[in-house]
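# Structural overview
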Amino acid sequence: MTDIKITIDGQTVTVPAGTTILEAAKSIGIDIPVICFHEACTANALCRLCVVEIEGARLLSPSCVAEARDGMRIQTRNERVDRSRRTILEMLDSAINISESPEFMGFMDEYEADRNRFPEAKRRESPVTDDNPMYIRDYSQCVLCWRCVQVCADDAQYTYAINFSGRGFDTQISTFFEKPLPESTCVFCGQCVGVCPTGALKPKREWFFEQGLSPDDIMQLTRSERKKRRRETG
Amino acid sequence: MLKADRVISTTCPYCGVGCNLELHIKDDYIYRVTSPFDSVVNQGNLCVKGRYGYDFIYHKSRVTTPLIRKMPQQPGERTQAFDLSEWQEVSWDQALDYVADRLVEIYRRDGPHALATFLCAKATNEDNYLLQKVFRALFRTNNVDHCTRLCHAGSVVALQQAIGSAAMSNTASEVIKSDCFIVTGSNTPENHPIIALQMKAAVEKYGAKLIVVDPRRLELCNYATLWLPLKPGTNVPVFTGMAHVIIHEGLVNQDFIEARTEGYEEFVRSVEKFTPEYAEMVSGVDRNLIIEAARMYAKAERGAIYWGMGISQLSHGTASALSLVHLAFLTGHVGREGTGLNPLRGQNNVQGASDMGAMPYHYPGYMLVDDPINATKWETAWNIEAGGLNQTRGLTTTEILSNVRPGGVRSLYIMGENPMMSEPNLNLTRHHMQNLEFLVAQDLFINESGAFADVFLPAVSWAEKEGTFTNTDRRVQRVRQALAPRGQARPDWQIICDLAKRIEARLGRPNSAYWDYDYPSEILREVGDVIPEYHGVTYARIEEVGLQTPVADEEHPGTPYLFSESFPRGRGKFHPLEYVPSVELPDDEFPFILTTGRVLEHWHGGSMTRHSKLDELYPEARVEVNPVDASLMGIENGQTVRVSSRRGSIVLRATVTEKTTAGVVFIPFHFSEAAANLLTIDALDPQAKIPEFKACAVNVKPASIEELVNPEAQVLRGRY
C-alpha cells in the first residue's frame, strides 16, 4: 500500500492511501467531533459534525468518509468549520432532547452553541416506547445517527429488526409495521443500546433505577407487568 | 441520567465465548452493561444474557445465610425443601463444622470411595482447583467430576485419543480466515451468539462457504451454502461418508497424512463400506449433498470444523467426534490459522474447570491419575506422603449418582451444579439423590438439587468475587469483584479453604496441604507451578487482555492456534469406526426422536436465568414439531401437548415449525415445570460416559391446557 503525505492544521503527516481524514487527524492527536460516526460502525456521513475544510475544495468535507489524498492541506478548525458545526448542533438541540448525552452537551459548550437560536422550532416529541422487558426506546432523544440500525444489520448482529421509517421531519427508527420488539426479529442483544450516543435507548433496569426504584422494586415491577400484559392479551 | 460510582471490567459468566464486560454500578446496583469495542474476544458485542442477564444477583429468593435442614434426612427418605421455613439459619462456623464432621465420619467409616463431589464450570479456576484438591488431597478420592461430562466428554476423549489435547485448536475469531467451515451439532447463534456473529461475517463479508450439518433447520442455515439435515445420531455415517468421497476422489492431503498421522491404511479399509449411498440410507441425507460437502471442505485452502453437543451427547459421542477429526487429518485442515478442530465449549469456564482437574481420571493439567509419576508431582505440591494419593480413576457424574447405595457413594458435595435438571432420566436421578446419606449444596439459590441437601452454603455470584475463567479458545481472563457480597454469602474459594482446614484438623494429617491464601492469584500460581500450560499465566499479565494457554513461561505470548508443528501425542491417530445406532430408536409406540438443547434467553438448569428478567422474555418450555408431523398428529401451533418417553412424561405447548425436521422433536432443558430430562435416556458412551441427550424415542399427544403447570406463562417471540 502506498503512503501519502498530507498537512492537517499545519502538521505534516504520512498515512497509508485510503485513510480517512478523521483517522489521519486522530493519528497526530487531533480529535474531530463526531455524532453519527462510531468506530464499530460503517461511516455514512449523516450528521456532518465532522466536516473539515480542504484547501481548494468548494464545500466542507465530512472527515469520517473523505479519504486523504496526497498533498491535501486540511483545516479542522476555522471560522467556517466552526460555524457549520455550531449550526448543526443548534438545529439538533432545537428539535431533540440531547440533555442525556454528556458528549453532545460538551460540544454545545465547545462551539458556543446558542440554545435559543431557533426558538420556533418544532420539537420531535415522542412517548417512551416500553414494549419489552429489556430496554426502552425514547425517540424524543434520538438524533437519527443510524448506529443502532447498522449494528442490528451487517455491522454486527445480522438481525435486521429495525430501520428508518417515515420521511423528512417524521423520520424515525422503527420495527417493521411498528410491531412491538418481542414480535420482531429482535434478539435483544442490545448492540443498539451499546452504540446509542444519547439516552434514546436505555436498559430498562437503568430506566427504573433512575426513577428511584430499588432493585427489589424493579424485580417486583416486572412480575406485575407481566401479569398485566397477560390480562391484556388474554 | 445516572452517573456510575464505578465501572468494573470483568468476564461474562454465561457461555464459553468469554465476552469482556464493563459493569456500570451505582449504589451497588449493576444498572448497565457494556463491552469495550476493542475487545479481542467480542469486539464490543454482547448477547441478551451478557447484556441484561445479571439481575439474578438481586433476586429475593437468593440465599445469603448458611442453612441446615430442620428435619434430619435419612437415606431413601430424603425430601426436597424449597421453602426457607424448612431450614434453620446457622452461623458459618456451625455450618462448616457440621459439614466437616459429617464428611469425616463417612470417610472414616466407609473410606474414600464413599465421598464424591460435583465441581462447577460456572465457578472460577481457583474455586475448582481448590475443591478437587480437598477431595484428592484430604479424602483421597478421585470421585471428582463436573458438567463437562454432560456436554463435551465425547469430544474430549476423541481428541485425547487422536491428538492428545482436548481444547479448541484455533481461536474462534479466526473463522473469518477460513474459506470453508463446517458447523455441526451446534446452534451457534443461540448458544455461542458472539462466535455466530463472526461466522456470519465470515460468510457475508469474507466470502467463506458454510456447511451446516444438523437435524434442525437452524438460523445459521440462512447463511449456509449447504445444509445436510441428518437424523439425530447418524454423524458417523455422514462424516465417514464424506471421508469416503475425499479418499476415492483423490482429494486427500497425502503429504500431511504421511508426515503427521498414523493408522491411515487401516482407516481406508474401514471406510470402504461408508459409501455415500450407505450414508444416505442411514442418515436420510441426500448422497449428492454428502459428496458436495466433502469436495467443498477438502478443496478449501483453509477448512475448519466447529461443533457442539449434537456430536458429543450421544452413546457414540466419542466416535462422532473422531469422525470429524478424520476429516481434518485427511485434508490437513489443522495446525494452521483459519483451520482446525473446534469443539465449542458450553460453559464460561468448562475449559478452565477441566484444566483444573475437575475430572475423575485427571489431576490438573490432564495428568492421568493412574500414572505414578503424575501422582508424585501432586503429592509434592500438596505436601502429601509418597504414595498417599489415590491412583484409581474415580467415577463420572452419572456414575456417581448411579453408585449411590450402601457400600457405594454415600455423600455428595455439589458446588453450583444442578443434576436434578441436567442429568438424563431425572426420575432415576431423583431416586439416587433421595438415597444419599449426606448432601451439601454450595450455590446462590435452593435449586432442584440443593433442595435435597442437608446443608446449604451460600456462595457469592461471579460479580462478588475475584478469580479467572478460561474460555472456549483457551483464553484465561480476569473475573473481578464488582459488588460487596450479598448478606453473609462468601466467595467459593474462601468457603472451601475454611472447610478444608476443619477437615484436615479432624483427619489429623501430619502435614498441611496448604489452605492459607490471601488472594486467588496465589492459587493460580500454585497450579501454574505444576502444570506447564499455565506456567506463564499470572494475574499481572492478564490485567488488560487474557492469555491463551499453553503459556510456557512469563515471556511467552500465548498460543492462538495449536499443532502447527506436531500433535501432543506425536502423530495424529486415525481410529477405524463402526456405525452404532442410538440406543433407543423410534417405533410405533414412540415414533419421534427427541433431541434436547438450549434457547438463547436461558442458561442450562435455569438457576440464573429463571431468576432474571430473561424469564419474562422466554417464560415457558416449548416442544418444536415439524408441520408434517403436527398435521399427522392433529397438533396446532401453540396447542398443549403431552410428550412421553419410556421414562417420563411432561406437558408443554407445541411450536409447529420447520426449524425441526420431520420425525424429530426438540425441547430445551431449562424448564423445571416441563423438564426435558425427565424424558431423556441414561445410556452412556462407553468411553466418555457421556449420556445420550440428543436422541431418544418419544410420542407427542394432544393434552389439555389445564395440565400445564403455569398456563399463564407464554412466549411472545418473533425471532426465528
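Along each chain, numbering runs from 1 in the same order as the chain's sequence is written. Naming scheme: in the order in which they are written, chains are lettered from A and ligands are numbered from 1. At least 70 in pLDDT is required for a residue's local features to be given in this predicted model, at least 80 for side-chain atom pairs to be given and counted, and no such filter applies to totals for whole chains, interfaces and linings, which use all residues.

Glancing now at the overall build of chain B. Helix and strand definitions follow DSSP, with helices as H or I runs of at least four residues and strands as E runs of at least two, each counted in order from the N terminus. For chain B, the count of helices and strands is 23 helices and 30 strands. Over its C-alpha trace chain B gives a radius of gyration of 24 Å, about what one expects of a compact globule, namely 27 Å for 720 residues. The C-alpha extent of chain B, read off along each of the three principal axes, is 70 × 65 × 60 Å. The burial label depends on the number of other C-beta atoms within 10 Å of a residue's C-beta. Counts of 20 or more mean buried, 12 or fewer mean exposed, and intermediate counts mean partly exposed, with C-beta atoms placed from the backbone. The 720 residues of chain B split such that 63% are buried. We call two residues in contact when the distance between their C-beta atoms, placed using the backbone, is within 7 Å. Nonlocal contacts in chain B, meaning residues at least 24 apart in sequence, comprise 74% of its contacts between residues at least 6 apart. Computation of the radius of gyration draws on C-alpha atoms, with the globule rule given as 2.2 Å multiplied by the number of residues to the power 0.38.

Let's shift gears to the overall build of chain A. The helix and strand tally for chain A stands at seven helices and nine strands. Each principal axis of the C-alpha atoms in chain A carries an extent, and together these give about 70 × 45 × 35 Å. Within chain A, contacts between residues separated by at least 24 positions form 59% of all contacts whose residues are at least 6 apart in sequence.

This part covers the sheet that holds strand β8 (residues 180-184) of chain B. All names here are of chain B. At least two DSSP bridges between two strands are required for those strands to pair. Pairing is parallel across the open sheet formed by five strands, whose spatial order is β10-β9-β8-β12-β13. The strands lining the two open edges of the sheet, one partner per strand, are β10 (226-228) and β13 (340-343). Strand-to-strand twist across the sheet, computed as the mean angle between neighbouring axes with direction ignored, equals 15 degrees. Both strand β9 (residues 209-213) and β10 contribute to a ladder of three bridges, which runs parallel. Within β10, the residue paired with I211 across the bridge is L226. Helix axes use the C-alpha atoms of the stretch in contact, all axes being lines fitted to C-alpha atoms, and the angles between their N-to-C directions lie in the range 0 to 180 degrees.

Taken together, the 33 residues of chain B in the interface contact 32 residues of chain A. The nonpolar class holds Ala, Val, Leu, Ile, Met, Phe, Trp, Tyr, Cys and Pro. Asp, Glu, Lys and Arg form the charged class, and all remaining residues, Gly among them, are polar. Residues that form the side of chain B that touches chain A fall into these classes: 15 nonpolar, seven polar and 11 charged.

What follows is about the nonpolar core. Residue and element names in this part refer to chain B. Formed by 303 residues in total, the largest nonpolar core has its most connected members in F181 and I290. Looking at this core, the element that brings in the most residues is helix α14 (residues 317-331), giving nine residues. Ignoring sequence-local partners within four residues, the contact set of I290 consists of L228, V238, G241, M242, V245, P276, A279, E280 and V285. Residues of type Ala, Val, Leu, Ile, Met, Phe, Trp, Tyr and Cys that are buried and joined through C-beta atoms within 7 Å form what is called a nonpolar core.

Attention now moves to the domain arrangement of chain B. Residues and elements named next belong to chain B. Segmentation of chain B into domains returns domain 1 (6-58), domain 2 (67-150 + 349-548), domain 3 (153-343) and domain 4 (592-707). Between the C-alpha centres of domain 1 and domain 4 there is a distance of 30 Å. Taken together, the eight residues of domain 1 in the interface contact nine residues of domain 4. Looking at the side of domain 1 that touches domain 4, its residues break down into five nonpolar, one polar and two charged. Domain delimitation follows an automatic or database domain assignment.

This next bit is on unusual backbone geometry. All names here are of chain B. Each neighbour pair has its own omega, and for T549 with P550 the value is -5 degrees, a cis peptide bond. Of note, P550 is situated in the loop between β21 (547-548) and β22 (572-573). Its identity is not glycine, yet D27 carries a phi of approximately 50 degrees, on the positive side. In this structure, D27 sits in the loop between β2 (20-26) and β3 (29-34). Look at D27 and you get exposed, because 10 C-beta atoms sit within 10 Å.

The periodicity of an α-helix, 3.6 residues per turn, causes residues three or four places apart in sequence to face the same way. Residues and elements named next belong to chain B. Turning to helix α10 (residues 264-271), its buried residues are Y264, F267 and V271. Down the axis of α10, the buried side of the element spans an arc of 60 degrees, and every buried residue falls inside it. In α10, those exposed residues whose orientation departs by more than 90 degrees from the buried face are E265, E266 and R269. Summarising the contacts, the buried residues of α10 are in contact with α8 (235-248), α9 (254-260), β11 (261-262) and α14. Arc definition: it is the arc formed by the directions from the helix axis to the C-beta atoms.

So, on to the domain arrangement of chain A. The domains assigned to chain A are domain 1 (3-77), domain 2 (86-123) and domain 3 (135-233). A C-alpha centroid distance of 24 Å is found between domain 1 of chain A and domain 2 of chain A.

Another aspect to go through is the sheet that holds strand β19 (residues 467-470) of chain B. Residue and element names in this part refer to chain B. Judged by pairing direction, the sheet is antiparallel, and its three strands sit side by side in the order β19-β20-β21 without closing on themselves. The open sheet is flanked by β19 and β21, the only strands paired with a single partner. As defined by bridge partners, β19 adjoins strand β20 (residues 475-479) across four bridges and the pair is classed as antiparallel. Directly across from T468, in β20, lies its bridge partner R478.

Residue and element names in this part refer to chain B. Across the five residues that make up β9, a large majority, five, are buried. Side chains of β9 alternate between two faces, with K209, I211 and V213 and L210 and V212 buried alike. Where β8 and β9 come together, five bridges link them in parallel fashion. Within β9, the residue paired with I182 across the bridge is I211.

A few words on the environment of Y534 of chain B. Residues and elements named next belong to chain B. Topologically, Y534 is positioned in the loop between α21 (520-530) and β21. Judged by the 28 C-beta atoms lying within 10 Å of it, Y534 falls in the buried class. Linking Y534 and C696, residues 162 residues apart in sequence, is a C-alpha distance of 40 Å.

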